[in-house]
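# Geometric and topological summary
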Amino acid sequence: MAVVAALAAAMIMVGRVLDPDDKVNRADLVSLVVAALALTAPVVLWARRKATPAPPAGEETITAAKTTLTNLVAEQWRTEATIQSLGDPEPIPVSWHLTDDPGLMDHPRLIGHQPLTFTATADRIPRLAENFRALRRRRLVITGGPGSGKTTLAVQLLLQLADDRRPEEPVPVLSTIAGWDTTAHPRLHDWLAARLVQDYPALTAFGPDAARTLVDRGHILPILDGLDELPGDARAAAITALNGSLADRDQFVLTSRTGELAAALEQAGDVLTAAAVIAPSPLTPQAAAGYVRTCLPPRPRHDWAPILEALENADRPGLAEVASTTLGLWLIRTVYITPATDPAPLVGPLADDPGRLRAHLLDHLIPAVIRARPPTRNPAEHFRPRHAWDPGQARHYLAYLARQLTAHGTRDLAWWHLADLTTTPAQQRRTAGVVGLVAGLMAGFAGVLIGARSFGLVIGFIAGLVTWLSVQQWFTETPGHADLRLPGRTSSLIRHVRRKFVVELVYGLLVGIFGVLIGWLVVEFLGVLVLGVVFGLFGVLVFGLLDWAEQPTSTSMAITPQSMWNADRTLTLLRTTTFGLVSGLGVGFGLGLLGSAFGSAFGSGLTIGLMGGLVEGKHHAWLGAGIIIRRLARAGHVPRRLMAFLDDAHRLGLLRTVGPVYQFRHADLHDHLAALHTEAPESGR
């Protein structure tokens, strides 16, 4: 509304400078009335923000919040585990033991009962959970080489703790530690609270400080994945900050590659306090062969006897090394077993070179999963893609995204950061300039519609400038939340509208009083007063509806990249259409009272209102990302339906989700694709 008011006020002021002899006409009057919004905006904003601090959440509320969070976490990661086939047909039987490197672990007496023991296997997760519970402070570091199953074990432990939750235990929540900026959040608790609000908005239904209370009272078990994905100095800083954040009761689980962990600890000059550090044992040839045999159907289409024999005898060094990790077995299964492809290359020349064999499997991974899982529109088929994708194009798109992530030193693909990942600030300014030019032309035409012909050029210039400046901010804004589900929320909607009634009606009356003063000097003032009241009543509905839509409920789902995209799109469309309708009806009604044509007035008000709705508010990530996606699609870097493509890549198991961001399922897959240099395909979807 303030943007609409500013445009109208500027029209009058500049118009008077251009032609001071013009008499005040009805269009000027309405513009001045609307300009009053700008004069009263500071008072209204102060009134809106004036609120009594919420009382601390009680124990019953915190217990309910814990239960809700546990259910959301379990559902989220159970779905992820199914997509990644972590238990199908059974977990890969990797054995884990306390590290043999004493420099990686604290004094045993600080960790657990003596003599200290900790053994676990990925196919016996309940025992792992009991060993974790037996630790004195329940702090665990999972180390290992690339593809050894560190994240898989962390997810399995999370699901076991969530499924076997005990009332006194904290809720396990997995986050990538690469998202922790220790300069912005020196304490782990501060960052965790911010992540909980972002990833699980349902917590805000229990109070604005529910997430903070859960963290501060020790009700969250942070599972911090991927210390090795941080730069070297940042890894050491994270170790120091983590130790500095921990109270005696604080628990955590951390995953990291062994070499990167050792370097970080050496640089930090300390180990992780009271944390057990475990490492995997390489899979034995017999275990690898047994897992492959379990994955095969009773009557395989092709002859697997040579491969099984080579695995059991370990006489082909390349095949033996690749099959000794969970990543290698997953690749063998996905590329050859699931699509029922002839496995002869596994015992061909590639079988003697682990690097070439691994690259061969990664090269054939994308075509294999696309061929094995044809698309379907059946909503019950959660783990099959919704669209058909050409394997070559899919490989090109994913390789492009992997290269951009690598260039920026991150593995997190957040769609609202696409502009920063793929364009320069100068390109963003030019893109914003094009949008501003279109907006300026539309605003100028709107000025002509209401008879302000001499001011149309000025209005267009101001609108274009405001839009150009606003659009540049879209590329760095974060997404917002919106939920328009009405069942069970009708009373909440009524409360939000009622809460806005007094403030917005006073807002409208101030506009009306200002209009009466102008009308007393110029023309009939009754219509202007009615116009102010109409704007106030519309404001009650608009801001009440927006506040209601942005308020999460206890039934809100955990955030995923797709749900965050949908929510921000819904919020943007809701804000734009409501502002447009309010301005269109308000201006049209007011000018109609003053004798102008309703159609032209409504069209002008609708146009300016839509523009105002686009630039109002704090969340425009969907608009910014949409502009960048169109730009990238024209260059052939990504498909036009990028979010649909990423969602399908997730369903295919090529990507995983961690809260609102995508990551490649394995760091090796990310690095392999980032190293590719492919040309743009001839056409994109």
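Residues numbered from 1 in each chain as written. Predicted model: local features only at pLDDT ≥ 70, side-chain atom pairs only at ≥ 80, totals over all residues. Heavy atoms only, no water.

## Observations regarding the overall build of the protein chain
Helix and strand content of the protein chain: 26 helices and 9 strands. Across the 685 residues in the protein chain, those meeting the buried criterion constitute 54%. Residue pairs in contact within the protein chain that sit at least 24 positions apart in sequence constitute 79% of those at least 6 positions apart. When the accessible surface of the protein chain is totalled, it reaches about 29,400 Å², and 60% of it is carbon and sulfur. (Helix = DSSP H or I, 4+ residues; strand = E, 2+ residues; numbered from the N terminus. Buried < 20%, exposed > 50% of the residue type's maximum accessible area, 1.4 Å probe, protein only. Contact = heavy atoms within 4.5 Å. Areas by Shrake-Rupley, 256 points an atom, 1.4 Å probe, with all protein chains shown as cover.)

## Some thoughts on the nonpolar core
Counting residues in hydrophobic clusters, the biggest one holds 157 residues, and the most contacted among them are Leu-69, Tyr-200 and Trp-304. Filtering out sequence-adjacent residues up to four positions away, Trp-304 remains in contact with Val-292, Leu-296, Ile-332, Tyr-336, Ile-337, Pro-343 and Leu-346. Counting 10 residues, the second-largest nonpolar core is a separate cluster that includes Ala-482, Phe-543, Leu-571 and Leu-574. (Core = buried A, V, L, I, M, F, W, Y, C linked by side-chain atoms within 4.5 Å.)

## Some words on the sheet that holds strand E3 (residues 139–144)
Within a sheet, each strand pairs with its neighbour through backbone hydrogen bonds, oriented either parallel or antiparallel. Read across the sheet, 7 strands follow the order E2-E1-E7-E3-E6-E5-E4 without closing on themselves; strand pairing throughout is mixed. Every other strand in the sheet has two partners, leaving strand E2 (119–121) and strand E4 (171–176) as the edge strands with one partner each. In this sheet, neighbouring strand axes are inclined to one another by 20° on average, regardless of whether the strands run parallel or antiparallel. Relative to strand E6 (residues 252–257), E3 runs parallel, the two sharing 6 bridges. For Arg-139, the partnering residue across the bridge sits in E6 and is Phe-252. (Pairing = 2+ DSSP bridges. Axes fitted to C-alpha atoms, helices over the stretch in contact; angles between N-to-C directions.)

## A few points about unusual backbone geometry
For the bond running from Asp-88 to Pro-89, omega is 0°, close enough to zero to count as cis. For Pro-89, the position within the fold is in the loop between helix H3 (59–83) and strand E1 (95–98). A cis amide bond, omega -5°, links Gln-114 with the succeeding residue Pro-115. Checked against the element boundaries, Pro-115 lands in the loop between helix H4 (108–111) and E2. Within the chain, Ala-314 stands out as a residue other than glycine whose phi angle is a positive 55°. Structurally, Ala-314 is set in the loop between helix H12 (305–313) and helix H13 (317–322). The partly exposed category is assigned to Ala-314, whose relative accessible area is 37%. The residue Ala-340 is not glycine, and still its phi comes out positive at about 55°.

## Considerations on the environment of Leu-188
For Leu-188, the location among the structural elements is in helix H7 (residues 188–199). Judged by its relative accessible area of 2%, Leu-188 falls in the buried class. Between the C-alpha atom of Leu-188 and that of Gly-244, which follows or precedes it by 56 residues, the distance is 8.7 Å. The contacts of Leu-188, once residues within four sequence positions are left out, are Trp-180, Pro-222, Leu-224, Leu-242 and Ser-245.

## Some points on the pairing of E3
In terms of burial, E3 is a largely internal element, 6 of the 6 residues being buried. Strand direction decides the pairing type here: E3 and strand E7 (residues 276–281), joined by 3 bridges, are parallel. Of the residues in E7, the one forming a bridge with Leu-140 is Ala-276.

## Here's the deal with the packing of aromatic side chains
With the rule as written, the count across this model stands at 6 aromatic pairs. Between Trp-180 and Trp-191 the ring centres are 6.0 Å apart and the planes differ by 15°, which places this aromatic pair in the stacked class. In this pair, Trp-180 is assigned in the loop between E4 and H7 and Trp-191 in helix H7, connecting sequence segments 11 residues apart. Here Trp-180 matches Trp-191 in class, with each residue buried. Geometrically, the ring pair formed by Trp-415 and Trp-416 is edge-to-face, given 5.6 Å between the ring centres and 90° between the ring planes. The same class applies to Trp-415 as to Trp-416, namely buried. Grouped by ring-pair contacts, the aromatic residues Trp-415, Trp-416, Trp-565 and Trp-622 constitute a single cluster. (Phe/Tyr/Trp six-rings, centres within 6.5 Å; stacked < 30°, edge-to-face > 60°.)

## Section: the environment of His-364
Secondary-structure assignment places His-364 in helix H15 (residues 354–372). Taking the C-alpha atoms as reference points, His-364 and Leu-331, separated by 33 residues in sequence, lie 9.2 Å from one another. In terms of polar contacts, His-364 uses its side chain to reach the backbone carbonyl oxygen of His-360, at 2.8 Å. (Polar contact = N/O pair within 3.5 Å; in protein donor to acceptor, adjacent residues only side chain to side chain.)

## Observations concerning the pattern of salt bridges
Counted under the stated rule, the structure contains 22 salt bridges. Asp-164 is the partner of Arg-166 in a salt bridge, and the nearest nitrogen-oxygen pair spans 3.7 Å. Take Arg-166: its relative accessible area is 29%, and that puts it in the partly exposed class. For Asp-164, a relative accessible area of 30% gives the class partly exposed. It is possible to trace a salt-bridge network through shared partners that takes in Glu-130, Arg-133, Arg-138, Asp-164, Arg-166 and Glu-169. (Salt bridge = Lys/Arg side-chain N within 4 Å of Asp/Glu carboxyl O.)

## Some details on the environment of Gln-76
Structurally, Gln-76 can be placed in helix H3. Sequence spacing of Gln-76 and Thr-560 is 484 residues, and the spatial spacing of their C-alpha atoms is 8.9 Å. Residues within four places of Gln-76 in sequence aside, it is in contact with Tyr-200, Ala-558 and Gly-659. Polar contacts involving the side chain of Gln-76 include one to the side chain of Tyr-200, which spans 2.6 Å.

## So, the packing of helix H14 (residues 326–337) against H15
Angle between the axes and distance between the axes are the two parameters that describe a pair of packed helices. Where H14 meets H15, the axes come as close as 9 Å, and the angle between the chain directions of the two elements is 50°. The angle between H14 and H15 places the two elements in the oblique class. The two elements H14 and H15 meet at a crossing, and its hand is left-handed. On H15, the residues touching Trp-330, Leu-331, Ile-332, Thr-334, Val-335 and Tyr-336 of H14 are His-360, Leu-361, Leu-362, His-364, Leu-365, Ala-368 and Val-369. Split into classes, the residues belonging to the contact of H14 with H15 amount to 10 nonpolar, 3 polar and no charged. (Parallel < 35°, antiparallel > 145°, perpendicular 65-115°, else oblique. Left-handed = near helix turned anticlockwise from the far one by under 90°. Nonpolar A, V, L, I, M, F, W, Y, C, P; charged D, E, K, R; others polar.)

## Structural notes on H3
Here H3 contains 25 residues, and its C-alpha end-to-end distance of 36 Å stays within 8% of the 36 Å for a straight helix at 1.5 Å per residue. At the exit of H3 stands Ser-85, carrying a positive phi of roughly 55°. (Expected span 1.5 Å × (residues − 1).)

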